Amino acid sequence: MAKSAKEAELCSWLDQISFSRPRKNIPRDFADGVMMAELVKFFYPKMVELHNYTPANCFLHKMNNWHTLSRKVLSKLGIKISKEQIEQIASASPNGIISVLSSFKDKVVAAQEKREEECKQQQRGSQPQNILCFVQDKKQAEGVFGIPMACEAPTGQQLIVSMENMVPQRLLEEKLSEIAEKDDAINILMQKVAHLDTLLQLKDQRIKDLTHQLQFLQERSKEGFHLST
């Protein structure tokens, strides 16, 4: 017998599950409740203890498995199964199990979509946002947001500020203080370098003066020698 569209869709969805036995015919495969327990275990591991569900050929055993599933597991997921429906499932009637599987699939898909939406919301919440503010001048914006503004808004105009570039005012002040201290240290070093440069120039000048004096004395000495001879 050809599969209905709903049964074909369920077969495609069930292909992602690794069952303990090959899946051939949905009504017969799920008649004893074991594969249903494995299916729930796949998506909700903590809800099912598989040792409570053993393979069965006996109709009453199949009924017991499904009664346990209905009471301990499916009811907690909001899936209600009547006694008549359990009898249909245990007797491998297509109508009973297809309805249960469809309800379970809808629950799983809805839960997955909810988790995906929550993840998207968290991601959107963690992304930097732009805020629109009303500032009088550049200094006011720097004081409010704790960042040097890249551009200056005209007085009384709205300014879009990226939250991505914002830093806490306290952290900014600490960094500016560190920069100021380093600038002071650099200035002191530059002054020392300038002083050393001045000393070198004075030393060079002194050497030149002494050299000229030495040359002058040598020339005078030569002149005196020539006069004496």
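Our structure's up above, just so we're on the same page.
Conventions and cut-offs
- Residues numbered from 1 in each chain as written.
- Predicted model: local features only at pLDDT ≥ 70, side-chain atom pairs only at ≥ 80, totals over all residues.
- Heavy atoms only, no water.
- Helix = DSSP H or I, 4+ residues; strand = E, 2+ residues; numbered from the N terminus.
- Contact = heavy atoms within 4.5 Å.
- Core = buried A, V, L, I, M, F, W, Y, C linked by side-chain atoms within 4.5 Å.
- Buried < 20%, exposed > 50% of the residue type's maximum accessible area, 1.4 Å probe, protein only.
- Axes fitted to C-alpha atoms, helices over the stretch in contact; angles between N-to-C directions.
- Parallel < 35°, antiparallel > 145°, perpendicular 65-115°, else oblique.
- Left-handed = near helix turned anticlockwise from the far one by under 90°.
- Phe/Tyr/Trp six-rings, centres within 6.5 Å; stacked < 30°, edge-to-face > 60°.

Points about the overall build of the protein chain
At step 1: Across its full length, the protein chain carries eight helices and two strands.
At step 2: Reading the helices (α) and strands (β) of the protein chain from amino to carboxyl end gives α-α-α-α-α-α-β-α-β-α.
At step 3: Looking at the protein chain alone, contacts between residues at least 24 apart form 54% of all its contacts between residues at least 6 apart.

Considering the side chain of N65
At step 1: Relative to the assigned elements, N65 resides in helix α4 (residues 59-72).
At step 2: Once residues within four sequence positions are removed from consideration, N65 is found in contact with D32, V34, N52, Y53, T54 and A56.

Notes on the nonpolar core
At step 1: Core analysis: the biggest nonpolar cluster contains 35 residues, and I26, F30, M36, L39, W66, L101 and F104 have the highest contact counts within it.
At step 2: Secondary-structure elements contributing two or more residues to this core are α1 (5-14), α3 (34-43), α4, α5 (83-90) and α6 (94-126).
At step 3: Tallying contributions element by element places α3 first for this core, with seven residues.

Quick word on the packing of α4 against α5
Each packed pair of helices is defined by two parameters, the angle between the axes and the distance between the axes.
At step 1: At a closest axis distance of 9 Å, the pairing of α4 and α5 adopts a crossing angle of 130 degrees. Taken together, the axes of α4 and α5 are oblique relative to one another. In terms of crossing hand, the pair formed by α4 and α5 is right-handed. Each of F59, K62, M63, W66, H67 and S70 in α4 lies in contact with α5, whose residues at this interface are I86, E87, I89 and A90.

Description of the packing of aromatic side chains
At step 1: Evaluation of the coordinates by the stated rule reveals six aromatic pairs.
At step 2: Plain terms: the ring middles of W13 and F43 are 5.4 Å apart, the flat faces sit at 0 degrees to each other, and that makes the pair stacked. Residue W13 is located in helix α1, and its partner F43 is located in helix α3; the two are separated by 30 residues in the primary sequence. Like W13, the residue F43 is buried in the burial classification.
At step 3: Measuring from centroid to centroid gives 6.2 Å for Y44 and F104, while their planes differ by 70 degrees, and the two rings are edge-to-face. Here Y44, found in the loop between α3 and α4, pairs with F104, found in helix α6; they are 60 residues apart in sequence, far enough to count as distant.
At step 4: Using a relative accessible area of 0% as the deciding quantity, one classes F104 as buried.
At step 5: Cluster of aromatic residues (ring-pair linked, three or more members): W13, F42, F43, Y44 and F104.

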